Every structure is written in structure tokens, then in C-alpha cells.
Amino acid sequence: MKHFFSLTREELRKDFNKEPYRADQLLNWVYKHFQTDFEKMSNLPKGLRQELSSMYSFWSLELITTLKAEDAIKFLFKTKDGLKIESVLIFEKDHTTLCVSSQVGCAIGCRFCATAKDGLLRNLQPHEIVEQYMQVSILTGERARNVVFMGMGEPLANYESVRKAAQILVSSWGLDLSKRRISISTSGLIAQIKKMSNDPLMRDLNLAVSINAPNQSLRLNLMPISQTNTLNDLFQALYDYPLSKGRRIMLEYVLISGLNDSPKHALELLPYILKKPGKFKVNLIPYNEEPGSNFKRPPMERILAFQEVLTSHHVMTHIRFSKGKDILGACGQLRSAYNPSLCG
Ligand code: SF4
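Quick notes on the rules
- Residues numbered from 1 in each chain as written.
- Predicted model: local features only at pLDDT ≥ 70, side-chain atom pairs only at ≥ 80, totals over all residues.
- Heavy atoms only, no water.
- Domains from an automatic or database assignment.
- Contact = heavy atoms within 4.5 Å.
- Buried area = accessible area lost by both parts, 1.4 Å probe.
- Salt bridge = Lys/Arg side-chain N within 4 Å of Asp/Glu carboxyl O.
- Helix = DSSP H or I, 4+ residues; strand = E, 2+ residues; numbered from the N terminus.
- Expected span 1.5 Å × (residues − 1).
- Buried < 20%, exposed > 50% of the residue type's maximum accessible area, 1.4 Å probe, protein only.
- Arc of directions from axis to C-beta.
- Phe/Tyr/Trp six-rings, centres within 6.5 Å; stacked < 30°, edge-to-face > 60°.
- Lys NZ or Arg CZ within 6 Å of the ring centre and 35° of its normal.

As for the domain arrangement of the chain
Consideration 1: The domain architecture assigned to the chain consists of domain 1 (2-57) and domain 2 (62-343).
Consideration 2: Using only C-alpha atoms to locate each centre, domain 1 and domain 2 end up separated by 33 Å.
Consideration 3: Contact with domain 1, which involves twelve residues of that partner, is made by 17 residues of domain 2.
Consideration 4: Buried surface at the junction of domain 1 and domain 2, summed over both partners, amounts to about 1400 Å²; 68% is from carbon and sulfur atoms.
Consideration 5: The largest share of the area that domain 1 buries against domain 2 comes from Phe-5, Tyr-31 and Phe-34, three residues that together contribute 48% of it.
Consideration 6: Linking domain 1 with domain 2 are one salt bridge, by the criterion used here.

In C-alpha cells, the structure reads:
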């Protein structure tokens, strides 16, 4: 049986051979009406409905539990092979954002990240990524306007699956979300960023890059990936990255008390940004403290002092307080409190 949420319209149409319009009817039921019961797809002939149920399956993630905070809901799912992944639905003022996982665990090893502690268990398949959106939509009745690949995993290390899932998310025959509302957040894999820049589908999505330090040695200390993807080379790739009018690359900077959060650090970061003013905006993310971690969140005045250095040089800067911090649903902290194998 094929996983429906992994199929593009083209692939489905091939299955329907002489009646490709049936594929469109099916897609319409699933992605426009969130209907996954073949028996209720009333414009399909009865015989075909029966046939479909032996051709396609929808669900491969089992919901284990949800955890609610005022501004977010975390969903813990179990995959068919018994692994745990998480998604977080975040309530903003006038819309919702879904943070999805792209891998089980992560091989990148950022020191401030809870997911990193488990290493990489496996890549998620496209259907397991799309299904996170479908399940959360059906469970909550909320259709998230934004999708951010900021959950477990390095999305660009699972490029083809993420690409296919993104295709289903943004296609008019699929979930029809705006490309501008999908963000791919990477630790800075230069080769994959270059690949993305040559890929018309991926290039139109938002690119967010974790910088987290103003110099190579500090970044290497926080992000081992810097060994082979140095800060200078990373910025060069970002300078070369083609952007359509009005778009910017988001530079993500997790502020950790006493480590990378002084005005001096902000001053050191500035030349990288000012080399191509207008190309970047900076998201400052005060570290979300996790039990057992030695890292601390900086006090507010220090966060503001860091921001002031950037804004006084006309760098567009937002302080992004992680939503759902009560349930550890913040960036890099999607690691289940329910899963002994993940909690270590
Ligand atoms: S921050 Fe992202 S890339 Fe780094 S270890 Fe965590 S999940 Fe992986």
C-alpha cells in the first residue's frame, strides 16, 4: 500500500491511468476537506472507493500525547517503527504556526540543543512530515498558516524528503500554503544551501540560518558543524544566495548568558551583516532553559543591549521569545519529556 501523503499529483495521476481527474477529486477531498474516509468521498464511484482503500493508506503516526501551554500545544507522535517525534502548534496573535520535525533526532550536535543529545536515529519520509500537518489540523481544527521546519532534525540533511513535503504543502492541488509562509531552518550546511539556491521550489521558501556566534572559534564551540562549514564560508554562501524582491534571510541567534550575548559580540557580528545590508534580518532568541542544562537565559537588559547595537546600525532585529517555553517546545528543544530513550 502506498502512503498517500507522500504522493504528488503527477504520481497519483499515473495510478489512475485513464481517469486522471479521479486523482484530482481524491486530492480535493483530502487536502481541501481533510476527508480521509474513502466511503465519504461521495463523488467517487462505490467500486473505486473500495479499490482506493486497498491502494493507499493515510496514517502512520500514532498520537501518544499532547501537552498544552497558553500559547502552544506540543504533540508527541510514535512512528510505525516505534520512534518518537514531536510537532508544536504555536498560537500567534492572528494566525497559527506549526513547527514540524524532519528527522528523528539529529546528527549535527549543537551544544545548546536537546535534540542533539540523541544523535540521528533516522530521516523522516515525506508522508511523515505532511502527516504532522494533517493530524494537527484534524485534531485541533486549526489550519496553520505558517509551517516552520524547526523541530527535531536538520531539514537540509534530509533534503529530498523535505523538498517533497514542501511541494505538497505549497501546491495548489495540495495544502496550498503560501511559499512565503514556509521556513526552512538550517544549522548552516553550505553545500545544501547552494543546492537550495539552484532549486526553484526550495529557493522560494524562507531560509533561516542558525548563526549563534560572531566568530569562528565561538561558533565552533557551540556548533561542531562549523568545523567543515566555517562562519566565513557560510556568510559567503548567504551573500551569493539569490533572493526575490522584499525577501530576506533570517539569521537566528540564540542568546546564551555570558557566552555570546554581550554588546561586544553584537559589534563583532555587525560587519558580516553590513556587508550586504538589506539581505538579512536577525532573530534574537533568548535561550530557553532546560532542566539539566548548564546554559542560562540572559537577563532582559542584556538582551536589549545586544539588540540595541544591531538596531543602531539599522539591522532589522526581532527578539523572538520562544512560544511554548513551559512545555519545552522551543527551537532546538523538541525532545520528549515522555520518552526515556530520548531523554537519556
Ligand atoms: S539545533 Fe537543529 S541542527 Fe542543531 S542539533 Fe538541534 S536539531 Fe540539530
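Moving on, there is more to tell.
Quick look at helix α5 (residues 159-170)
Consideration 1: For α5, built from twelve residues, the straight-helix expectation of 16 Å at 1.5 Å per residue is met to within 8% by its first-to-last C-alpha distance of 16 Å.
Consideration 2: Among all positions of α5, only Tyr-159, Ser-161, Val-162, Ala-165, Ala-166, Ile-168, Leu-169 and Val-170 are buried.
Consideration 3: Buried positions along α5 lie against α2 (20-33), α4 (126-140), β9 (146-149), β10 (182-186), α6 (190-197) and α7 (200-203).

Some thoughts on α6
Consideration 1: Within α6, the full set of buried residues consists of Ile-190, Ile-193, Met-196 and Ser-197. Each buried residue of α6 sits inside an arc of 115° when the element is viewed along its axis, so together they form one side.
Consideration 2: Those residues of α6 hidden inside the fold are in contact with α5, β10, α7, β11 (206-210) and α9 (231-240).

With respect to the packing of aromatic side chains
Consideration 1: Applying the stated criterion across every chain, the model contains 16 aromatic pairs.
Consideration 2: Aromatic pair Phe-4 and Tyr-31: ring centres 6.0 Å apart, planes at 40°, arrangement tilted. Taken as a pair, Phe-4 in the loop between β1 (2-3) and α1 (9-16) and Tyr-31 in helix α2 lie far apart in primary sequence, 27 residues in all. Neither residue differs from the other here; Phe-4 and Tyr-31 are each classed as buried.
Consideration 3: Judged by centre distance (5.8 Å) and plane angle (85°), the ring pair of Phe-4 and Tyr-56 falls under edge-to-face. Residue Phe-4 is located in the loop between β1 and α1, and its partner Tyr-56 is located in strand β2 (residues 56-57); the two are separated by 52 residues in the primary sequence. Taken as a pair, Phe-4 and Tyr-56 share a single burial class, namely buried.
Consideration 4: Three or more aromatic residues link up through ring pairs in this structure, and these residues are Phe-4, Phe-5, Tyr-31, Phe-38, Tyr-56, Phe-58 and Trp-59.
Consideration 5: The lysine or arginine in question, Lys-195, covers the ring of Tyr-159, its NZ or CZ lying 4.4 Å from the ring centre.

Describing unusual backbone geometry
Consideration 1: Its identity as a non-glycine residue notwithstanding, Phe-34 has a phi of 55°, on the positive side.
Consideration 2: Mapping Phe-34 onto the fold places it in the loop between α2 and α3 (46-55).
Consideration 3: Residue Phe-34 is classed as buried on the basis of its relative accessible area of 18%.
Consideration 4: Its identity as a non-glycine residue notwithstanding, Asp-176 has a phi of 60°, on the positive side.
Consideration 5: Of note, Asp-176 is situated in the loop between α5 and β10.

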